[in-house]
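# What the coordinates show
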Amino acid sequence: MTLYDDAVLVLKEYGDQAELRDLYLDHLAAHPDGMYKPCGAGHLTSSALVVDPARGRVLLTLHKKLGMWLQMGGHCEPGDATVEAAALREATEESGVTGLTLLPGGPVRLDRHPIPAPCHWHLDVQYAALAPAGAVEQISEESLDLRWFAYEEVAGVADTSVVRLLENTLARL
């Protein structure tokens, strides 16, 4: 199974956000290259909100290019076997935390957002990653900073998409 095939299967099984899910599926049907950054019409990305339920907190990255506190995530790569694997890879690379595991049940949320030219859209498939006890973060070259925030602090530092991702994650926990 290719990454493209996996994405289509994951999206077809995703039970929420029907209109947005169908938009993702239509995009992939029209753009067989829609899994990767070179697709100028937009491409799927994969991300994960790193959560530490035992301590009631999330780990956010201060994105180097955007200057915003966001979940870990980014572009799918040819070596990614699944969208889920891409999310876990991105979360591990950007957080420096080893031993992350994705919350069972597939994506927590979808988020489509505009990006600067030459591309037009990120079609993000969002997961939640559980941090192991004693998790130690390490800033990557893609971040200006990494910081743990209590659940109730997130709305004060992050945009609506991160707040919704946290809400959906907490509902799933």
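A short tour of the structure in this document, coming up. (Residues numbered from 1 in each chain as written. Predicted model: local features only at pLDDT ≥ 70, side-chain atom pairs only at ≥ 80, totals over all residues. Heavy atoms only, no water.)

## Digging into the packing of aromatic side chains
One pass over the full model with this rule turns up one aromatic pair. Their ring planes at 75 degrees and their centres at 5.1 Å tell us that Trp69 and Phe149 sit as a pair that is edge-to-face. Linking Trp69 in strand β3 (residues 69-70) with Phe149 in strand β8 (residues 143-150), this pair joins segments that are 80 residues apart in sequence. Classification of Trp69 as buried rests on a relative accessible area of 11%. The lysine or arginine in question, Arg57, covers the ring of Trp148, its NZ or CZ lying 3.9 Å from the ring centre. The ring of Trp121 carries the charged tip of Arg112 above its face, separated from the ring centre by 3.5 Å. (Phe/Tyr/Trp six-rings, centres within 6.5 Å; stacked < 30°, edge-to-face > 60°. Helix = DSSP H or I, 4+ residues; strand = E, 2+ residues; numbered from the N terminus. Buried < 20%, exposed > 50% of the residue type's maximum accessible area, 1.4 Å probe, protein only. Lys NZ or Arg CZ within 6 Å of the ring centre and 35° of its normal.)

## Things to note about the environment of Val50
Assignment of secondary structure puts Val50 in strand β1 (residues 43-52). In this structure the C-alpha to C-alpha distance between Val50 and Ala91, which are 41 residues apart in sequence, comes to 7.2 Å. Apart from the residues lying within four places of it in its own chain, the contact partners of Val50 are Arg57, Val58, Leu59, Met72, Ala91, Leu100, Ala129, Ala131 and Trp148. (Contact = heavy atoms within 4.5 Å.)

## A short note on the pattern of salt bridges
Counting across every chain of the model gives eight salt bridges. We note a salt bridge from Asp111 to Arg109, for which the minimum N-O separation is 3.6 Å. Across the pair, exposure class does not vary: Asp111 and Arg109 are buried alike. One continuous salt-bridge network, built from bridges that share partners, spans Glu77, Asp80, Arg89, Glu90 and Glu93. (Salt bridge = Lys/Arg side-chain N within 4 Å of Asp/Glu carboxyl O.)

## What about the environment of Gly15?
Relative to the elements of secondary structure, Gly15 occurs in the loop between α1 (3-13) and α2 (18-30). Since its relative accessible area comes to 66%, Gly15 is described here as exposed. Separated by 157 residues in sequence, Gly15 and Arg172 have C-alpha atoms that sit 13 Å apart.

## Points about the nonpolar core
Ranked by internal contacts, the top residues of the largest apolar core, which has 33 residues, are Tyr24, Met35, Leu44, Val50 and Tyr127. Of all elements in the fold, only α1, α2, β1, α3 (83-95), β7 (121-130) and β8 reach the threshold of two or more residues within this core. A per-element tally of this core places α1 first, with five residues. Each residue touching Leu44, except ones within four places of it in the same chain, is listed here: Ala7, Leu11, Tyr24, Leu28, Gly34, Met35, Cys76, Leu123 and Val125. Leu103, Val108, Val154 and Val163 belong to the second-largest nonpolar core, a separate cluster that totals 18 residues. (Core = buried A, V, L, I, M, F, W, Y, C linked by side-chain atoms within 4.5 Å.)

## Digging into the layout of surface pockets
Taken as a whole, the largest pocket holds about 930 Å³ of empty space. Per-class residue counts for the lining of the largest pocket are 10 nonpolar, 12 polar and 10 charged. Within this model, the second largest pocket holds a volume of roughly 160 Å³. If you trace the second largest pocket, you find 13 residues lining it, with Val10, Glu13, Gly105, Gly106 and Pro107 closest to the centre. At three residues, the largest contribution of residues to the lining of the second largest pocket is made by α1. Counted by class, the lining of the second largest pocket contains four nonpolar, four polar and five charged residues. (1 Å grid on protein atoms, 1.4 Å probe; cavity = no way out; pocket = protein on both sides within 12 Å on 5 of 7 lines; lining within 4 Å. Points joined across faces, edges and corners; volume = space filled by probe spheres on them. Nonpolar A, V, L, I, M, F, W, Y, C, P; charged D, E, K, R; others polar.)

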